[in-house]
Amino acid sequence: IGKEFHFLNGVIMKINLLIFLLIFTYSCSLKKYDKTLYVGNNNYWTDDFSEIELVMSYIIDGKDYRIMRKMNYTEKIDFLDSYWIKLDPNTSTVNNELIDELNLRVIESKELFSGFDGGLLSDRAKIYIIYGPPNNEYESYIDNFKLITWEYKTGFHFNFISDNFGRYKLTN
């Protein structure tokens, strides 16, 4: 009786595990990404509103961004549209040149810092989007950790240190 019980117990556990894995796999495949689309007047690099909000958190000042976060979707669209109208350097042209520059920086940062570095969530992408490409870039090592320094003509410099998993964290 003892050997048969252990054998049956093992078979039942395997069946239960298999059923669990099937249900888990099926439930995960049902999850859909609920993407809110941007339908305002500006031409951004994407229509994914959550991605636009992320990038705006980098460039809009903290007080205005906190106010925007409390708005509903329609109010956020209106806020962003009017925000960029105020910043348009040349209202006689069809395009807003600042949005064009932002789009270029975001697209480049997505290409440059995708993968292990975290894409738009990475420290390097954030700095790249705010300040643009660095004027000079230097590499060095500190205790076997790679250190990348970006220098800008404005006098700003940023140090990023590798965490050995391909991600770089801002150190200053």
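Our structure is the block above this text.
Report on the accompanying structure. (Residues numbered from 1 in each chain as written. Predicted model: local features only at pLDDT ≥ 70, side-chain atom pairs only at ≥ 80, totals over all residues. Heavy atoms only, no water.)

### Describing the overall build of the protein
If you tally the helices and strands in the protein, you get six helices and four strands. When the helices and strands of the protein are placed in sequence order, the string is α-α-α-α-α-α-β-β-β-β. Buried residues in the protein amount to 31% of all 172 residues. Residue pairs at least 24 apart in sequence account for 37% of intrachain contacts in the protein once pairs closer than 6 positions are excluded. About 12,000 Å² of surface is accessible on the protein, with carbon and sulfur atoms providing 59% of the total. (Helix = DSSP H or I, 4+ residues; strand = E, 2+ residues; numbered from the N terminus. Buried < 20%, exposed > 50% of the residue type's maximum accessible area, 1.4 Å probe, protein only. Contact = heavy atoms within 4.5 Å. Areas by Shrake-Rupley, 256 points an atom, 1.4 Å probe, with all protein chains shown as cover.)

### Remarks on the environment of Leu 98
Counting through the fold element by element, Leu 98 comes out in helix H5 (residues 97-112). In the structure, Leu 98 is positioned 13 residues away from Ile 85 in sequence and 10.0 Å away in space, judged by C-alpha atoms. In contact with Leu 98, not counting residues within four places along its chain, are Trp 84, Leu 87 and Pro 89.

### A closer look at the packing of aromatic side chains
Evaluated as defined, the whole model comprises 15 aromatic pairs. A ring pair is formed by Phe 113 and Trp 150, whose centres lie 6.0 Å apart and whose planes are at 40°; its orientation type is tilted. Remark: Trp 150 occurs in strand E2 (residues 145-151) and Phe 113 occurs in the loop between H5 and helix H6 (123-131); sequence separation between them is 37 residues. For the residue pair Phe 113 and Trp 150, the accessibility class agrees, reading buried in each case. Judged by centre distance (6.0 Å) and plane angle (80°), the rings of Tyr 152 and Phe 158 are edge-to-face. As far as the burial class goes, Tyr 152 and Phe 158 line up, both buried. In textbook terms, an aromatic cluster arises when at least three aromatic residues are bridged by ring pairs, as seen for Tyr 38, Tyr 44, Trp 45, Phe 49 and Tyr 73. (Phe/Tyr/Trp six-rings, centres within 6.5 Å; stacked < 30°, edge-to-face > 60°.)

### Some remarks on unusual backbone geometry
Of note in this structure, Asp 143 is not a glycine but carries a positive phi near 50°. Structurally, the position occupied by Asp 143 is in the loop between strand E1 (136-142) and E2. When its relative accessible area of 66% is taken as the criterion, Asp 143 is described as exposed. One non-glycine residue with positive phi stands out, namely Asn 144, at about 65°. For Asn 144, the position within the fold is in the loop between E1 and E2. Overall, Asn 144 belongs to the exposed group, its relative accessible area being 71%.

### Topic: the pattern of salt bridges
Using the criterion set out here, one finds six salt bridges in the structure. A salt bridge links Glu 139 to Lys 146, with the shortest nitrogen-to-oxygen separation between them at 3.5 Å. Shared partners join several salt bridges into a network, and the residues in it are Glu 53, Arg 69 and Lys 76. (Salt bridge = Lys/Arg side-chain N within 4 Å of Asp/Glu carboxyl O.)

### Focus on a nonpolar patch on the surface
A cluster of nonpolar side chains, contributed by Ile 15, Ile 19 and Ile 23, occupies part of the molecular surface with about 280 Å² of accessible area. By the secondary structure assignment, Ile 23 is in helix H1 (residues 2-30). (Patch = residues over 30% accessible without salt bridge, like charges linked within 9 Å, V, L, I, M, F, W, Y side chains within 5 Å.)

### With respect to H5
Look at H5: 22 Å from first C-alpha to last across 16 residues, which is about the 22 Å you get at 1.5 Å a residue. Looking only at H5, the buried set comprises Ile 99, Leu 102, Asn 103, Arg 105, Val 106 and Ser 109. Considered in projection along H5, the buried side chains sweep an arc of 170° and stay on one side of the axis. In H5, the exposed positions angled more than 90 degrees off the buried face are occupied by Glu 111 and Leu 112. Along its buried surface, H5 packs onto helix H2 (49-59), helix H4 (73-87) and H6. For H5, the N-terminal capping position is held by Asn 96, with its side-chain oxygen 2.9 Å away from the main-chain nitrogen of Leu 98. (Expected span 1.5 Å × (residues − 1). Arc of directions from axis to C-beta. Polar contact = N/O pair within 3.5 Å; in protein donor to acceptor, adjacent residues only side chain to side chain.)

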